Amino acid sequence: MKKLYFLILSILLIGCTNTEQSVIKNDDELTSKIKVLFDKYVENDFDIGDYYSSDLVCKVNNVEFTGLDTFITGFKMHHDVLYKDINIEELYAHTCYLSNGDVWSNAWFTWKGTGQTTETEYTNRAHFDYKWEDGKIVQLLAYYDEAIEKSEAAALAEATAAYERK
């Protein structure tokens, strides 16, 4: 009887063990790479081709664009034209290894910067999702309030127009 009980228990345990489960990690290599990318962004270092696919698909809220060069140009403008003293705070990231084989890293953070035109200090909460394939990020989904960006860009456009009228 004990052998039968042990056999049934073993079958149940083996049958209930799903090796195809999704796993979330925050101390893995891909999560570390996401943190490095945030450090590079703060440092205005866009030598990031080793991390991203050249045909990256990027969706910022409701706007979609493709290509690593387009991505770099857009985010580099934060440093070159719109803001100074950019910082990332309260960063939390993890990577989801899904049972279907997909791998996504997720990051939540607070972005801070000072407008180059207005001198306004801005704070913005954001969430980014990164899809990995063959060791590179192939898709980036970014969610944040664009009002700050629109406000500072409008102030820059107005200042540029006023300068050109002189």
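The text that follows walks through the structure, step by step, so that each part is easy to find. Not measured: the values here are computed from a predicted model.

**Let's talk about the packing of aromatic side chains**
Thinking step 1. Enumeration according to the criterion identifies 13 aromatic pairs in this entry.
Thinking step 2. Geometrically, the ring pair formed by phenylalanine 38 and phenylalanine 128 is tilted, given 6.1 Å between the ring centres and 40 degrees between the ring planes. Of this pair, phenylalanine 38 sits in helix H2 (residues 29–42) while phenylalanine 128 is found in strand S6 (residues 121–133), placing the two residues 90 residues apart along the sequence. The same class applies to phenylalanine 38 as to phenylalanine 128, namely buried.

**Notes on the sheet that holds strand S7 (residues 136–144)**
Thinking step 1. Taken in spatial order, the seven strands make up an open sheet running S1-S4-S5-S6-S7-S2-S3, and their pairing is mixed. What marks the edges here is a single partner per strand, and that holds for strand S1 (23–25) and strand S3 (63–66). Strand-to-strand, the axes of this sheet are offset by a mean angle of 20 degrees, without reference to chain direction.
Thinking step 2. The pairing of strand S2 (residues 52–60) with S7 spans five bridges and is parallel. Looking at S7, one finds that tyrosine 52 is bridged to isoleucine 137.
Thinking step 3. In this fold H2 packs onto S1, S2, strand S4 (83–97), strand S5 (103–115), S6 and S7, with an angle of close to 170 degrees to the strand it touches most, S4.
Thinking step 4. Against the sheet, helix H3 (residues 68–82) makes contact with S2, S3, S4, S5, S6 and S7, and its axis sits at roughly 65 degrees relative to S2, the strand it touches most.

Conventions we followed
Numbering of residues starts from 1 in each chain and follows the order in which that chain's sequence is written. At least 70 in pLDDT is required for a residue's local features to be given in this predicted model, at least 80 for side-chain atom pairs to be given and counted, and no such filter applies to totals for whole chains, interfaces and linings, which use all residues. The side-chain values count all of the structure's non-hydrogen atoms but skip hydrogen atoms and water molecules. When two rings of Phe, Tyr or Trp (its six-membered ring) have centres within 6.5 Å they constitute a pair, described as stacked for plane angles under 30 degrees, edge-to-face for angles over 60, and tilted for the intermediate range. Numbered from the N terminus, helices here are DSSP runs of H or I no shorter than four residues, and strands are runs of E no shorter than two. A 1.4 Å probe rolled over the protein chains alone gives each residue an accessible area, and that area as a share of the maximum for its type sets the label: buried under 20%, exposed over 50%, partly exposed in between. Strands pair, by our definition, only if DSSP identifies at least two bridges between them. Axes here refer to lines fitted to C-alpha atoms; in helices the fit is confined to the stretch in contact. Angles between the N-to-C directions go from 0 to 180 degrees. Contacts are assigned to residue pairs with any non-hydrogen atoms lying within 4.5 Å of each other.

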